[in-house]
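Chain residues, written in single-letter form:
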Amino acid sequence: MQSSSSSSSSVLFLLLSSFSLALACNKALCASDVSKCLIQELCQCQPSDGNCSCCKECLMCLGSLWEECCDCVGMCNPKNLSDTPATAKSTVEELQRPIPSLFRALTDGDAPINMMVVSFPVSEELSYHQNLVSFLETMEDAHHNVSLPGNSIHASYDTQDKLCTVVYFDDCVSIRQCKQYCESMGGSKYRWFHNACCECIGPECLDYGSKAVKCMNCQY
């Protein structure tokens, strides 16, 4: 029994050692899920050698983290560290059943532990959208088949003195955890930065909150 346990520990050590050698791998985001898939031996084949027999199983195991973590298991080309930093990229989504009163109650006063509450003018939140529309209008003048994103809500909504409130979680989380946490807070939307920083977006926000990464323990 002892030798079997020792053997399993050795295998796990070797797997995690090879995982740590992937220099471009986002360990803060990927470590837990990649370790799980390696332990289950779902990502053991080598596509670089023409063996992709486990690729589908590995993709299903990593799920929504595939794009960010496939290089950690040698399933895709390592990311170029000189590419656009992960903090400049994010995934956003609207939540189906927001509870505005719950979100306001949780963000009123002192911030809950392990979170940071940030409020800023809605006009600041919309500045990027307005710049985008302006750019596309210029494009439309030159190419009449360019369609513009809808902005009727933004045009009719009085942004004066309105504040957009968002919540950042201090620690790095997966995109699934980010969505779950924001749903549990009654948030309207969430923004998950590709460095694993999570931002929950409140009901007063008209776009997708702030594009600044402010997770205390998840900055890079």
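Bear in mind that the values here come from a model prediction, so they are computed numbers and not experimental data.

The rules behind the values
Residues numbered from 1 in each chain as written. Predicted model: local features only at pLDDT ≥ 70, side-chain atom pairs only at ≥ 80, totals over all residues. Heavy atoms only, no water. Helix = DSSP H or I, 4+ residues; strand = E, 2+ residues; numbered from the N terminus. Buried < 20%, exposed > 50% of the residue type's maximum accessible area, 1.4 Å probe, protein only. Contact = heavy atoms within 4.5 Å. Areas by Shrake-Rupley, 256 points an atom, 1.4 Å probe, with all protein chains shown as cover. Pairing = 2+ DSSP bridges. Axes fitted to C-alpha atoms, helices over the stretch in contact; angles between N-to-C directions. Disulfide = S-S within 2.5 Å. Core = buried A, V, L, I, M, F, W, Y, C linked by side-chain atoms within 4.5 Å. Domains from an automatic or database assignment.

**Looking at the overall build of the protein chain**
Across its full length, the protein chain carries 8 helices and 5 strands. Going from N to C terminus, the protein chain has its helices and strands arranged as α-α-α-α-β-α-β-α-α-β-α-β-β. Burial status across the protein chain gives 35% buried among its 220 residues. For the protein chain, the share of sequence-separated contacts (at least 6 apart) that also reach a separation of at least 24 residues comes to 64%. For the protein chain, the exposed surface amounts to about 12,900 Å²; the carbon and sulfur share of it is 53%.

**Overview of the sheet that holds strand β5 (residues 198-201)**
In space, the 5 strands of this open sheet follow the order β1-β4-β5-β3-β2, with antiparallel pairing throughout. Strands at the two margins of the open sheet, each flanked by one partner only, are β1 (90-94) and β2 (115-121). The mean angle between the axes of side-by-side strands here comes to 20°, regardless of whether they run parallel or antiparallel. Pairing geometry for β2 and strand β3 (residues 163-169), over 7 bridges, is antiparallel. Bridge pairing in β3 links Ser119 to Thr165. Packing against the sheet, helix α5 (residues 100-107) makes contact with β2, β3 and β5, and its axis sits at approximately 70° to β3.

**Let's talk about the state of the cysteines**
Within this structure, the stated rule accounts for 11 disulfides. The disulfide partner of Cys164 is Cys205, and the gap between their sulfur atoms is 2.0 Å. Where Cys164 bonds to Cys205 through sulfur, the torsion about that S-S bond is close to 95°, and the disulfide is right-handed. Residue Cys164 is located in strand β3, and its partner Cys205 is located in the segment after β5; the two are separated by 41 residues in the primary sequence. Comparing Cys164 with Cys205, the two get one shared label, buried.

**Quick look at the nonpolar core**
Val34, Cys69, Val73, Met75, Val166, Trp192 and Cys200 are the most contacted members of the largest nonpolar core, which totals 48 residues. When residues of this core are sorted by domain, at least three fall in each of domain 1 (23-81) and domain 2 (84-128 + 161-219). Look past the residues within four positions of Met75 in its chain and what remains in contact with it is Cys43, Cys45, Pro47, Cys54, Cys55, Cys58, Trp66 and Cys70.

Function-wise, these values are silent; they only describe arrangement.
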